[in-house]
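Listed below, chain by chain, are the residues.
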Amino acid sequence: MGARADADGAGGQPVTGPVSSLDPVNGAARNAPSSVGHGGADVVIDSIGKTFRRGGRRTVALAGINLKVRAGELVCLLGPSGCGKSTLLRIVAGALEQDEGTVTVGGRPVRGPSPDRGMLFQTPMLFPWLTTRKNILFGPKAQRAGGLNERDDPELDAEADAILGTVGLAKFGDAFPHELSGGMQHRAAFARAIITRPSLLLMDEPFGALDAITRLRMHDFLLGMWEQYRTTIIFVTHDIEEAVLLGDRVAVMGGRPPGIQEVIDIPIGRPRHAVDADTESFLTAKRKIRASLTV
Amino acid sequence: MSVWRSLPPLGERPVADGEETVAALLGREDQDGLDERADRDDLAAYRRARRRARARRLATGAAGLIGLAVVWQIVATFIRDPVFLPSVTRTVSTFWHYLGRPYPSQGSPIWYDALTSLRRILIGFAIGVVAGVTLGAAMSATRVVRHLIDPVIEVLRPLPPLAFIPLFIIWFGIGELPKVVLIVIGVTPIMAITSVVALDEVPEDLRLCARTLGASRFYTLLHVQLRSALPGILTGMRISMAAAWTSIVAAELIAATSGLGYLIQQAGDYLNTALVLSGIICIALMALALDACIRGLLLLADPSRRG
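Residues numbered from 1 in each chain as written. Chains lettered and ligands numbered in written order. Predicted model: local features only at pLDDT ≥ 70, side-chain atom pairs only at ≥ 80, totals over all residues.

Points about the overall build of chain B
Counting its regular elements, chain B contains 11 helices and 0 strands. Each helix and strand of chain B, placed in order from N terminus to C terminus, yields the pattern α-α-α-α-α-α-α-α-α-α-α. With 307 residues in all, chain B has 33% of them scored as buried. The long-range fraction of contacts in chain B, counting pairs at least 24 apart against all pairs at least 6 apart in sequence, stands at 69%. (Helix = DSSP H or I, 4+ residues; strand = E, 2+ residues; numbered from the N terminus. Buried ≥ 20, exposed ≤ 12 C-beta atoms within 10 Å, placed from the backbone. Contact = placed C-beta atoms within 7 Å.)

Quick look at the overall build of chain A
Looking only at helices and strands, chain A features 10 helices and 10 strands. The long-range fraction of contacts in chain A, counting pairs at least 24 apart against all pairs at least 6 apart in sequence, stands at 74%.

So, the packing of helix H6 (residues 165–172) of chain B against helix H7 (residues 176–200) of chain B
For any two helices packed against each other, the geometry comes down to the angle between their axes and how far apart the axes lie. All names here are of chain B. Two elements in contact, H6 and H7, have axes separated by 9 Å at closest approach and are oriented at 135 degrees. One element, H6, and the other, H7, form an angle in the oblique class. You can see that H6 and H7 cross each other, and the crossing is right-handed. Along the contact surface, H6 presents Ile165, Phe168, Ile169 and Phe172, while H7 presents Leu177, Pro178, Val181 and Leu182. Counted by class, the contact of H6 with H7 contains 8 nonpolar, no polar and no charged residues. (Axes fitted to C-alpha atoms, helices over the stretch in contact; angles between N-to-C directions. Parallel < 35°, antiparallel > 145°, perpendicular 65-115°, else oblique. Left-handed = near helix turned anticlockwise from the far one by under 90°. Nonpolar A, V, L, I, M, F, W, Y, C, P; charged D, E, K, R; others polar.)

So, the sheet that holds strand S4 (residues 100–105) of chain A
All names here are of chain A. Spatially, the 4 strands line up as an open sheet ordered S2-S1-S4-S5, and their pairing is antiparallel. The sheet is open, and its two borders are formed by strand S2 (57–69) and strand S5 (108–109), each paired with just one other strand. Pairing of strand S1 (residues 43–54) with S2 involves 9 bridges; the strand directions are antiparallel. Looking at S2, one finds that Val43 is bridged to Val69. Where helix H3 (residues 85–93) meets the sheet, it contacts S1, S2 and S4, and its direction lies at approximately 115 degrees from that of S1. (Pairing = 2+ DSSP bridges.)

Quick word on the packing of helix H4 (residues 110–141) of chain B against helix H10 (residues 260–269) of chain B
Residue and element names in this part refer to chain B. Direction vectors running N to C along H4 and H10 enclose 135 degrees, while the axes themselves pass 7 Å from each other. Overall, the two elements H4 and H10 adopt an arrangement that is oblique. Here Ile110, Asp113, Ala114 and Ser117 of H4 come into contact with H10, specifically with Leu260, Tyr262 and Leu263. Partitioned by chemical class, the residues of the contact of H4 with H10 number 5 nonpolar, 1 polar and 1 charged.

A look at the nonpolar core
Nonpolar side chains tend to gather and get buried jointly when the protein is soluble and globular. Ranked by internal contacts, the top residues of the largest apolar core, which has 88 residues, are Val92(A), Ile234(A), Val250(A) and Ala251(A). Ignoring anything within four residues of it in the chain, the contact list for Val250(A) reads Cys76(A), Leu78(A), Ala243(A), Val244(A), Ile264(A), Ile266(A) and Ile289(A). Membership of the second largest hydrophobic core comes to 49 residues, among which are Leu135(B), Phe164(B), Met191(B) and Leu260(B). (Core = buried A, V, L, I, M, F, W, Y, C linked by C-beta atoms within 7 Å.)

Regarding the environment of Leu115(B)
Residue and element names in this part refer to chain B. Structurally, the position occupied by Leu115 is in helix H4. Classification of Leu115 by C-beta neighbours within 10 Å gives partly exposed; the count is 15. Separated by 171 residues in the primary sequence, Leu115 and Met286 place their C-alpha atoms 9.9 Å from one another.

Observations concerning the domain arrangement of chain A
Residue and element names in this part refer to chain A. For chain A, the domain assignment lists domain 1 (2–116 + 197–294) and domain 2 (123–196). It is helix H8 (residues 212–229) that contributes the most residues to the side of domain 1 that touches domain 2, 6 residues altogether. The class makeup of the residues in the side of domain 1 that touches domain 2 is 11 nonpolar, 1 polar and 2 charged. (Domains from an automatic or database assignment.)

Some details on the domain arrangement of chain B
Residue and element names in this part refer to chain B. Splitting chain B by domain gives domain 1 (16–80) and domain 2 (85–305). If you average the C-alpha positions of domain 1 and of domain 2, the two centres end up 31 Å apart. At the junction of the two partners, domain 1 supplies 7 residues and domain 2 supplies 4 residues. Here the side of domain 1 that touches domain 2 is built from residues that sort into 5 nonpolar, 2 polar and no charged.

What to know about helix H5 (residues 143–156) of chain B
With 14 residues, H5(B) ought to run about 20 Å at 1.5 Å a step, and its terminal C-alpha atoms sit 20 Å apart, in line with that. Within H5(B), only 0 of the 14 residues are buried, which leaves it mostly out in the open. (Expected span 1.5 Å × (residues − 1).)

Describing the sheet that holds strand S3 (residues 74–78) of chain A
Residues and elements named next belong to chain A. Across the sheet, 6 strands lie side by side as S6-S7-S8-S3-S9-S10; this open sheet has mixed pairing. This sheet does not close on itself; its edge strands, each paired only once, are strand S6 (117–120) and strand S10 (259–265). For this sheet the average axis-to-axis angle between neighbouring strands, irrespective of direction, equals 20 degrees. Across the sheet, helix H7 (residues 182–194) lies against S6 and strand S7 (200–204), angled at about 170 degrees from S6, the strand it touches most. Across the sheet, helix H10 (residues 280–294) is in contact with S3, strand S9 (249–254) and S10; its angle to S10 comes to roughly 165 degrees.

Re the confidence of the model for chain B
All names here are of chain B. Per-residue confidence for chain B gives a mean pLDDT of 85, with 86% of residues at or over 70. Per-element averaging of pLDDT across chain B places helix H1 (residues 17–26) at the bottom with 38 and H4 at the top with 95. Interface confidence for the predicted complex, expressed as ipTM, amounts to 0.81; the pTM equals 0.78. (pLDDT = per-residue confidence, 0-100.)

Structural notes on the environment of Ile264(A)
Residue and element names in this part refer to chain A. Inspection of the secondary structure assignment puts Ile264 in strand S10. By the C-beta count within 10 Å, which is 20 here, Ile264 ends up buried. Separated by 199 residues in sequence, Ile264 and Ile65 place their C-alpha atoms 16 Å apart. Once residues lying within four places of it in the same chain are set aside, the contact partners of Ile264 are Arg249, Val250, Val252, Ala285, Lys288, Ile289 and Ser292.

Focus on helix H2 (residues 43–79) of chain B
Between its terminal C-alpha atoms H2(B) stretches 55 Å, which fits the 54 Å expected from 37 residues at 1.5 Å a residue. Counting buried residues along H2(B), only 0 of its 37 residues qualify, which leaves the element largely exposed.

Overview of unusual backbone geometry
Residue and element names in this part refer to chain A. Note that the residue after Arg256, namely Pro257, is joined by a cis bond; omega there is -10 degrees. Position of Pro257 among the secondary structure elements: in the loop between S9 and S10. With an omega dihedral of -5 degrees, the bond running from Arg270 to Pro271 counts as a cis peptide bond.

In structure tokens, the structure reads:
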């Protein structure tokens, strides 16, 4: 397993940077070579500011944002609508340019979107004209030089089969997105994002539109996948419970101008499951976040 | 070249302890919320059911058309005046008779007039679609172009094609050109508007999604933005095809020496009502066939419409 992780590192994946500053207690265990994953990158968000100008009006969307995310960590950005959490996520994705500050992922500054930083949205954003399998293969095929008229590649097909199985859609490779249920669509979107081997996954309220029960299942799904791939995840949500269940840490956003109010550690062991929401430490963490939000 | 290429394929990775848990958590593949679509544990059966529903719908539609023909036949039988309303059987036999024989005797058979109209339609429609989609793409991409062209389209769009015919006769004579131009004038604004709407409706996040999956800007434009707008553009083509038929028949009624509109005009002058109806039925059949072609493309482009 160790050799495996080394091979990954030598294979051109952005090697996870030196994890210096943060939390020595959890840090050691968390950054041990993972079993099957391809590892994550650390993220450094340094004094980010963003102002939107529409007509003559200026709206400060973000000011002085600092956040460090360790390689392989799952951090939730929590806050009410309009607190700038989605804006921050899009800046990290490279979809939006900040006015001030820098973002580095795996030691490299962010310039424009990249398959190294996968993104998942509130709606699954599957391509409705492609089957599940072709949706999943979109990234690898688009990245190839030929792109347009690429012949089928058995190696790639095997990879698609494997990942379809992993997300529990083995029988649905030939189904079109509209033939899948909501949860299945999200799992397909996850598979499509993970096949390009991102070292960072950005998730923008991905389960916000699902019903409560499907949502619970998706939480367990995501936790299981994260245990397996150990990708760094930044997860945007406005749901306190979701943030506590998923996050190693929760960054509470809000205020005027919008910024990070507090970063709260969630001292609940891993691996976690949806049932952990009934424990004492879970409630304590929730209380702490609620207090931070009402300030 | 890219990052993923240099990594070992996923299928070869060793099975981890965690994986069993994941599989167990997922349970059955179709166990997925309260969604009614969740019961699709058998994709093939689901598609068969949708195909059956489609066949039923088509059968009901055919029954409607047959019902119309029956009512027509009954009314014609009671009226007993073939100049006012010939029966279905009489109309069909007239259609069959003149399909291969010229009317009037120095004129041309139905098939020739039908092909003449069809050629005008296809040429004008093709030019109009290309022009309209190009305009629409430019309008969707550039604000200035949109604000520049939008009022022009809004002025042209509500004008009936009939109003242009005398003008085009002055400008282009009575040959093929004025007819084709008339169709282009009818098709282009509709295609421009539907293209703008279809391109505007492509979610910004879909574009971003493609970019984060490693697609280049150009690849995204072609394979995501335009591809995503394709069903909307094809729907625009269905609407403008109907407009093209309106234009061409109007033009042929007034200023032509060939085409189905001309045939209908001639037959009307000689009170050959059965032939007038034959011409109308011929237009209906051809319009239906062309619409079916575009609908076929639409089914190919948008899987959610199948079944």
